[in-house]
Amino acid sequence: MRIAVTGSIATDHLMVFPGHFEEQLLATQLDHVSLSFLVDTLDIRHGGVGANIAYGLARLGHHPLLVGSVGRDFAAHHDHLASLGVDMTAVRVSPTLHTARFICTTDASGNQLASFYAGAMAEASATDLTDVLRDDEAGIDFVHIGADDPAAMSRHTRACRTLGMPFAADPSQQLARLDGPTVRELVAGAALLFTNAYERALLLDKTGWHEQDVLDRVGTWITTRGAKGSLIERRGEPVVEVDAVTTAEAVDPTGVGDAFRAGYLSATGHGHGAVGAARAGSALATLALRHVGPQTYEPDPALLEESLTAAYGPGAAALMTGAPR
């Protein structure tokens, strides 16, 4: 299965605060917060949800097509992804704007405070996904529509519906700024819907839908819950809880959800079902959690086999490659 991944492409500035955010927030002063955190480390890494998912797919042996918009400062990141097997032909370069920036501080509990500068991402809607999907040489079978410029997300979704292309809806961080009608447009008809637990609640609030309303409109709804694993939901079927692959080596949560999606899509591409795909996603997410930055982990087959077998039993390692189980 050849996958096109649409979404943000960014440079991440990742910092670590050794204390706890909650200890700095005064309940009586929340109406005028003014805080500055002295951080211990700064790591500048390649990022962006679209690029992160494409990275994970490429590291698992796929040849994904990345669709997004970047600035002229993107050359090093371009070469990094291209060298791993990501098809960069649908990445648009803005002549005036910088590549998007993600600036994030993580505290000792893994909580994060972040800001995102869109930059060249604001021009993502200039890319016509219809032309990409009609290109026989591209050979796209599935599209993942991740957080991006809202106009681009809507345009990509309409292109998939028009051409009958199966797609995953993954509005994630953009849910906070999208209105109800836009969220409903992005979700309806999706083969897959990805949310985390907070995004799940926000999606329901924004749309005014109940869980059953969502399930009436999507094929499979996957909700990630961190160390609690994930939920798999389908219309007319019982909810399935999938345990997480645990680790005592949690280093940086940035991009962990993107790694989950890459693992899930990879296993789906190999013909595995939803539960198996969620297990593969959890294994890759845990691997990413052990590294600083969302594009620094290396999916060592032996390490993945060990973690999958420990979590799910013999034969689970085949979720990353091989025949469906």
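Our structure's up above, just so we're on the same page.
Residues numbered from 1 in each chain as written. Predicted model: local features only at pLDDT ≥ 70, side-chain atom pairs only at ≥ 80, totals over all residues. Heavy atoms only, no water.

Caption draft 1: Up close: the overall build of the chain. Along its length, the chain carries 11 helices and 13 strands. By the compact-globule yardstick of 20 Å for 325 residues, the chain fits well, its C-alpha radius of gyration being 19 Å. Dimensions of the chain along its principal axes, counting C-alpha atoms only, are 55 × 50 × 45 Å. Counting across all 325 residues of the chain, residues that qualify as buried make up 51%. Considering only contacts in the chain between residues 6 or more positions apart, those separated by 24 or more positions represent 68%. For the chain, the accessible surface area stands at approximately 14400 Å², while carbon and sulfur atoms represent 52% of it. The average position of the 23 basic charges and that of the 38 acidic charges among the side chains of the chain differ by 5 Å. (Helix = DSSP H or I, 4+ residues; strand = E, 2+ residues; numbered from the N terminus. Rg over C-alpha atoms; globule rule 2.2 N^0.38 Å. Buried < 20%, exposed > 50% of the residue type's maximum accessible area, 1.4 Å probe, protein only. Contact = heavy atoms within 4.5 Å. Areas by Shrake-Rupley, 256 points an atom, 1.4 Å probe, with all protein chains shown as cover. Lys, Arg positive; Asp, Glu negative; His and termini not counted. Charge placed at Lys NZ, Arg CZ, Asp CG, Glu CD.)

Caption draft 2: Local environment of a negative patch on the surface. A cluster of like negative charges, contributed by Asp131, Asp135, Asp136 and Glu137, occupies part of the molecular surface. Along the chain, Asp136 falls in the loop between helix 4 (129–134) and strand 8 (142–146). Taking relative accessible area as the criterion, Asp136 reaches 74% and is therefore assigned exposed. (Patch = residues over 30% accessible without salt bridge, like charges linked within 9 Å, V, L, I, M, F, W, Y side chains within 5 Å. Salt bridge = Lys/Arg side-chain N within 4 Å of Asp/Glu carboxyl O.)

Caption draft 3: Molecular detail of the sheet that holds strand 6 (residues 100–106). Here we have four strands laid out as an open sheet, ordered 3-2-6-7, and mixed in their pairing. Strands with a single pairing partner mark the edges of an open sheet, and in this sheet they are strand 3 (41–47) and strand 7 (112–117). Adjacent strand axes in the sheet meet at a mean angle of 15 degrees, parallel and antiparallel pairs treated alike. In this sheet, strand 7 lies alongside strand 6 in antiparallel orientation, the contact comprising six bridges. (Pairing = 2+ DSSP bridges. Axes fitted to C-alpha atoms, helices over the stretch in contact; angles between N-to-C directions.)

Caption draft 4: Up close: empty space enclosed by the protein. Within this structure, the stated rule accounts for one cavity of 30 Å³ or more. Of the pockets and cavities examined, the largest cavity occupies roughly 40 Å³. In this structure, the largest cavity is lined by Ile145, Met153, Thr157, Phe167, Ala168, Ala169, Asp170, Pro171 and Leu186. Counting only elements with at least two residues in the lining of the largest cavity, the list comes to helix 5 (150–163) and strand 9 (167–170). Each residue belonging to the lining of the largest cavity can be placed in one class, and the counts come to seven nonpolar, one polar and one charged. (1 Å grid on protein atoms, 1.4 Å probe; cavity = no way out; pocket = protein on both sides within 12 Å on 5 of 7 lines; lining within 4 Å. Points joined across faces, edges and corners; volume = space filled by probe spheres on them. Nonpolar A, V, L, I, M, F, W, Y, C, P; charged D, E, K, R; others polar.)

Caption draft 5: Representation of the side chain of Ser230. Considering the arrangement of structural elements, one finds Ser230 in strand 12 (residues 230–233). Not counting residues up to four positions away in its chain, the partners in contact with Ser230 are Thr223, Thr224, Arg225, Val240, Glu241, Val242, Phe260 and Ala278.

Caption draft 6: Structural context of helix 2 (residues 49–59). Most of helix 2 sits inside the fold, with 10 of its 11 residues counted as buried. If you check which residues of helix 2 are buried, you get Val49, Gly50, Ala51, Asn52, Ile53, Ala54, Tyr55, Gly56, Leu57 and Ala58. Looking one or two residues beyond helix 2, the residue adopting positive phi is Gly61, at roughly 100 degrees.

Caption draft 7: Just the sheet that holds strand 12, in detail. Taking strand neighbours across the sheet as the criterion, the nine strands line up as 5-4-1-8-9-10-11-12-13 in an open arrangement whose pairing is mixed. Since the sheet does not close on itself, it has two edges, and those belong to strand 5 (87–93) and strand 13 (240–242), each with one partner. For this sheet, the mean inter-axis angle between neighbouring strands, taken without regard to orientation, is 20 degrees. Examined bridge by bridge, strand 8 and strand 9 share four bridges and lie parallel to one another. Looking at the pairing, Ile145 lines up with Ala169 of strand 9. Running at roughly 110 degrees to strand 10 (residues 192–196), helix 7 (residues 197–207) makes contact with strand 10, strand 11 (220–224) and strand 12 of the sheet.

Caption draft 8: Just the packing of aromatic side chains, in detail. Under the criterion given, the structure shown has six aromatic pairs. Residues Phe194 and Tyr264 carry aromatic rings whose centres are separated by 5.4 Å and whose planes lie at 90 degrees to one another, so their mutual orientation is edge-to-face. Separated by 70 residues along the polypeptide, Phe194 in strand 10 and Tyr264 in helix 9 (residues 256–269) bring together distant segments of the chain. Residue class for Tyr264 comes out buried when judged on its relative accessible area of 2%. Taken together through their ring pairs, the aromatic side chains of Phe17, Phe21 and Phe37 make up a single cluster. For the cation-ring pair, Arg200 lies above Trp221, with the distance from its terminal atom to the ring centre recorded as 4.1 Å. (Phe/Tyr/Trp six-rings, centres within 6.5 Å; stacked < 30°, edge-to-face > 60°. Lys NZ or Arg CZ within 6 Å of the ring centre and 35° of its normal.)

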